[in-house]
Amino acid sequence: MYTLPRIERFQQNVLSKFQIYNSVFITLPFDAIDNTGVLLPLFSEVCENGFKNQQSPEEIFDFFASKYLEQPSEDEKIDLMFRFIQYVERQIVLFDAIEDAAFPVVNHMEGRGSLRDVKEKAEQRTKVKELKAFLKHFKVRTVLTAHPTQFYPGSVLGIITDLTDALRNNDLIQIKQLLAQLGKTPFIKKEKPTPFDEAVSLIWYLENVFYPTLGNMVQYIQKNIYDGEELTNPIFNLGFWPGGDRDGNPYVTTEITLQVADRLRTSVLKCYYSDIRKLKRKLTFKEVDALIADLESKLYRSVFYSRGEIYLTPQEFYEGLKKIRMLIVRDFQSLYLDEVDLLISKFNLFGFHFATLDIRQNSKIHKNVFQDIVAQEHSLFPSNYFEMDEENKLELLSNVKSNLSESDFSNELTCSTISSILAMKTIQSKNGEWGCNRYIISNNESALNVMETFAIFQLCGWENPSVDIVPLFESVVDLHAADSIMEQLYSNKRYREHLKNRNNVQTVMLGFSDGTKDGGYLMANWSIYKAKESLTAISMKYGIEVLFFDGRGGPPARGGGKTHKFYASLGSEIENKQIQITVQGQTISSNFGTLDSCRYNLENLLSAGVTNRVFNNGLVKLSPLDYEVLNQLSQLSYEAYLNFKQHPKFIPYLEQMSTLNYYAKTNIGSRPSKRTKSEKLDFNDLRAIPFVGSWSQLKQNVPGFFGVGTALKYFEETNQWDKVSQMYQNSLFFKTLMENSMMALCKSFFPLTAYMQKDEEFGPFWQIIYDEYLETKRLLLKLSGFTELMENYPDGKASIEIREQIVLPLLTIQQYALLKINEIKKQKNPDLKRLETYEKIVTRSLFGNINASRNSA
C-alpha cells in the first residue's frame, strides 16, 4: 500500500480529528461556559462573512449580538466576549494536542533530513569516511531561553501531554475526561513568574524530552555509523538562559543563578538515578551488582539528601559505568550492553550540568559598572582613563588585575556584576566547567566592550578564566563592523593568550531579532550572512576557529521559519563546525515539545550541517552577480524600511492601534517589555518580542516582509527580473529567505484592520503597510511561480489556515476592545472602570493568539 501525500495525512490525522473532537468539546457541560459552544461557531461564521463584506470588528460583533442575543446590555456583551476567549483558548490546546499526536504520521520520521537518510546517503555516495570525520567535530547546540512567547501554566502543559497520549491511542473516554478537565482549569497566571519559575518550566523539557531523545540519537549514530565505537564528541549540547540572562531583567539575581544551576544538576542526577534503578533490575551479576548499587546510593544521596553536597564526582560516575561495561563484555556475554552504552552516551552529553547556563548582560550596563570601578579604584586606573583613546584603553585593560569583591562597592549594578562572575566560578566547581562557561555581551559595539568585560574577570581575581567571552552583534552598523572589531581583539596580545587557553576558539553571537527590528528583514539576514563570511575570513587569518551562535526567535522576522534550510545553504565561505541557536517560548513547545518533534527537528539541524559540508548539493555558493543583486536588494529594502520606521506615525500607531502596551500585563514572563523604566516609548529600548508580536496580533507581520516588495519591484521595473529569478532557482539561501517571508505574508490578514483605512490620523499609514503587503505578495508569487502563498508546503499552509480560523473570533474581539478603548479615552469624562475591563479583554485575547500562532514572536 502506498503512503498518502503529506497533505492527505494531515487532513486525515489532524483536520478530521479536530472536527470530531471539537464537536465533542462543544457538547461537554462547563459551568463557566454555558452555551458558548453553540454560539461560538455562529460568531465565527459572522466574523468570516463580515470581513468578506468589509465590515469593522465593531460592526461584526454588534450585528452578532443583535441577531443572536436578546437586547443584550454592554455588560452581557462583555461577559460573552470573555466566555468566547476562554473557549477559544481551549480549542487551541485541543488542536495543539491533535497536531502533536499526529506528528510522526504527518512527518516522515525516517525520510529526508533524518539520521537514517544521512547514513544511507553516505553509503550510496561512498562518503561514510567523510561523514565519520565530520561528526567527530561537528556540534548542534540548542539554547533554551525564557523569552515570554507562551503562557501555558504547568497544569495546562500537563493536560496537553496527557491529551496527546490519549489522542494517539484513540482513547475516547480519557479524551472526554481531559477535555472536561481542560474546561475547568484556569489558564491565567495571576502573578508574573520569577526567573526560577521559568527555569523549572523549561527543565521539564530537558528531563522529559531532550534527555531521552538525545541519548537515543547519539546511540543510533554510534551503532549505525561508528559500528559500536564510542563517540567522544558530544554532538549535541544544550544551553540555558533562564536564571542567567540579566540583560534588561532586574529579577535575575546571583542567588537565582546559583539556584538554577543547582536545579539543573539535581535534575540530571535524578535522570541518571532513574536509569540506574532500571539497570539495577537487569544487572544482577556478581561484582556488577555491587558497583551499580554503589552508584545508585551515591546518586540518591546527592539528589535527595544533599544540601548542595555531592557524594559522587563526574569522573567517578563515568569510571563506574565504564567498569560495569568492561565486566559485562568480559564476563557476561555483553548482556544489556546497549542499555549501559546508552547511559554512558547520556553522561557524555549532559555531564553533571545538564545544560550550560549562559550569563548575559548588556554592554551599556558594563559601561556604567566600569565607570564605578574606575571612580573608586584610583590605584588601578589613571584619573584621565575616560579621556584616553581606545588603543591606550585596550592596552591598560589587558594588564589590569586585582581581587575585587562585591562588598567593596555600594552600587547595586557593580555588586551584581561582580557577584555574577564569582557565581560562574562556584557553578563550575559543582557542575563542571560546562555548567557555566560563557559570558555574552549583548549590544556589543566595539572591541572595548569585550575587553572591559574581560578586565572585570581579571579584576575579580580570575586571571585565566575558563570562560568564553561572547560578543553579540545586533544592529546593522555593528554587524558591518564585526570583523574589524574581532581583528582588534585577535591583535591584542592578552586577549590572544586568553583565546589560546580556550583552544583558539572564539564564539560570536549574531542577533536576528534586533537586527530585523533595526534594519528590516532583508538587510538583517543579508548583513548576518556577510558578517559570518567576513568573520570566518578574519578568524582564519589569525588561526582562530570562530563559532557562530544565532539569536533566533519563532517567526521569520526573528530568524525563524525553515531554519535548517538556512544552515544547509551557508556554503564553504562560512565556518560551520557548529550550529548554535536560541530556542524560545512557543518554538520550544512546537518544535521540541514531544519526543517525535524534538527528534525530527534536531535530526534536521544535524542533517543541514552534514548537507552543507559532506553532501554539498550545488545550491550553495553565491555567484559574484548574486552578491551584487543581494547587496542591491538589501539596500533598497533597508531604505524602504528606514523611511517607514521614521514615519511620524510609526510609534503612535504601535502605541494606539496595536497591543504593544499590553504585553507587559500578560504575566507570561519575568522580563520587562522594555530595557528601561522610562514612561515614554523609545524604539531603541523596545524589546524585539513585543515589537514583532504586536505586528503579529494586528495580523500585519510587518517585520517579516516590509521592504521586500519595494526591492523586488525595482528589479522588475528596470528589466532585471531575470537576475532575481535566476538567483531564486540557484541559491538555497535566497530561496529560503523568500519562502520564509511568504510565511509571514500567509499569517497576515488585512481585512481585520481594514477599518483603519478610514481613520483620520492613521488611515494613510495603514495604507502604506497594505500597499507593501500587496506588492510583496504579488512579486513573491511571480518569483516562485506559485498561484498561492506556501504552495510547496500544503500541510504547513493548512495548519496555519485552521489556526487562523480558530482565532478569528479572538482577533475580532481584540480589535473591538481596542476600538472601545480609544473611544473611551477620547471622552471628556472617561469611564475608567469600563476602560479597565476592555483593557483586560485585550490582554486576555493576547494569550490565545500567541499560542495559536506557535511562532508569532
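Scroll up for the structure.
Residues numbered from 1 in each chain as written. Predicted model: local features only at pLDDT ≥ 70, side-chain atom pairs only at ≥ 80, totals over all residues. Heavy atoms only, no water.

J.: Can you break down the overall build of the chain residue by residue, with the values?
T.: A tally of regular secondary structure across the chain gives 34 helices and 9 strands. Compactness check: the chain gives a C-alpha radius of gyration of 28 Å against a globular reference of 29 Å for 857 residues, within 12% of the reference. On the principal axes, the C-alpha backbone points of the chain span a range of 80 × 70 × 60 Å. The 857 residues of the chain split such that 60% are buried. Contacts in the chain between residues at least 24 apart in sequence constitute 81% of all its contacts with a sequence separation of at least 6. Both charge centroids of the chain, one from 98 positive and one from 104 negative side chains, sit 4 Å from each other. (Helix = DSSP H or I, 4+ residues; strand = E, 2+ residues; numbered from the N terminus. Rg over C-alpha atoms; globule rule 2.2 N^0.38 Å. Buried < 20%, exposed > 50% of the residue type's maximum accessible area, 1.4 Å probe, protein only. Contact = heavy atoms within 4.5 Å. Lys, Arg positive; Asp, Glu negative; His and termini not counted. Charge placed at Lys NZ, Arg CZ, Asp CG, Glu CD.)

J.: Could you give an account of the side chain of serine 419, naming the residues involved and the relevant values?
T.: Checked against the element boundaries, serine 419 lands in helix H17 (residues 412-431). Classification of serine 419 by relative accessible area gives buried; the value is 7%. Apart from the residues lying within four places of it in its own chain, the contact partners of serine 419 are Thr254 and Glu406.

J.: Describe in detail the packing of helix H21 (residues 512-519) against helix H22 (residues 521-541), supporting the description with residues and values.
T.: Between H21 and H22, the least distance of the axes is 7 Å, while the angle of their chain directions is 130°. Between H21 and H22, the interaxial angle falls into the category oblique. Here H21 and H22 pass one another in a crossing that is right-handed. Between H21 and H22, the residues in contact are Phe512, Gly515, Thr516 and Gly519 and Tyr521, Met523, Ala524, Asn525 and Ile528, respectively. Of the residues belonging to the contact of H21 with H22, the class tally is 5 nonpolar, 4 polar and no charged. (Axes fitted to C-alpha atoms, helices over the stretch in contact; angles between N-to-C directions. Parallel < 35°, antiparallel > 145°, perpendicular 65-115°, else oblique. Left-handed = near helix turned anticlockwise from the far one by under 90°. Nonpolar A, V, L, I, M, F, W, Y, C, P; charged D, E, K, R; others polar.)

J.: Explain the nonpolar core to me, using residue names and the numbers behind them.
T.: Judged by nonpolar contacts, the single largest core of 193 residues is most densely connected at Phe240, Tyr272, Phe317 and Trp695. Here this core gets 12 residues from one element, more than from any other, and that element is helix H10 (residues 195-224). Ignoring any residue separated from it by four or fewer positions in sequence, one finds phenylalanine 317 in contact with Tyr272, Ile276, Leu295, Leu299, Leu312, Leu343, Phe347 and Phe352. If you look at the next biggest cluster of nonpolar residues, it comprises 68 residues, including Phe51, Val807, Ile841 and Leu846. (Core = buried A, V, L, I, M, F, W, Y, C linked by side-chain atoms within 4.5 Å.)

J.: Can you explain the pattern of salt bridges? Please cite residues and give values.
T.: In this structure the tally under the stated criterion is 49 salt bridges. Glutamate 89 serves as the salt-bridge partner of arginine 90, at 3.6 Å between the closest nitrogen and oxygen. Glutamate 89 matches arginine 90 in its accessibility class, with the two residues each being buried. Of the charged contacts, one joins glutamate 110 and arginine 599 as a salt bridge, the two residues approaching to 2.9 Å between their closest N and O atoms. Taken together, the positions of glutamate 110 in the loop between helix H5 (103-106) and helix H6 (115-124) and arginine 599 in helix H25 (residues 595-613) put the pair 489 residues apart, joining distant regions of the chain. (Salt bridge = Lys/Arg side-chain N within 4 Å of Asp/Glu carboxyl O.)

J.: Explain the pairing of strand S7 (residues 505-511) residue by residue, including any values.
T.: Where burial is concerned, most of S7 is hidden: 7 out of the 7 residues are buried. Neither face of S7 is left uncovered, since the one carrying Val505, Thr507, Met509 and Gly511 and the one carrying Gln506, Val508 and Leu510 both have all their residues buried. Taken together, the 7 bridges between S7 and strand S8 (residues 545-551) define a ladder with parallel strand orientation. What sits directly across from valine 508, in S8, is phenylalanine 548. (Pairing = 2+ DSSP bridges.)

J.: Describe the packing of aromatic side chains, listing the residues and the values that go with them.
T.: Scanning all chains against the criterion turns up 60 aromatic pairs. When the ring of phenylalanine 347 is compared with that of phenylalanine 352, the centres are 6.3 Å apart and the planes differ by 90°; the resulting orientation is edge-to-face. Considered together, phenylalanine 347 and phenylalanine 352 belong to a single accessibility category, that of buried residues. Aromatic side chains phenylalanine 381 and tyrosine 385 sit 5.4 Å apart centroid to centroid with 75° between the ring planes, which places their arrangement in the edge-to-face category. For phenylalanine 381, a relative accessible area of 4% corresponds to the buried category. Taken together, the ring pairs in this structure connect Tyr211, Tyr272, Phe317, Tyr318, Phe347, Phe350, Phe352 and Phe354 into an aromatic cluster. The aromatic ring of phenylalanine 762 is capped on one face by lysine 649, whose charged end is 5.9 Å from the ring centroid. Over the face of the ring belonging to tryptophan 721 we find lysine 782, whose NZ or CZ atom lies 4.6 Å from the ring centre. (Phe/Tyr/Trp six-rings, centres within 6.5 Å; stacked < 30°, edge-to-face > 60°. Lys NZ or Arg CZ within 6 Å of the ring centre and 35° of its normal.)

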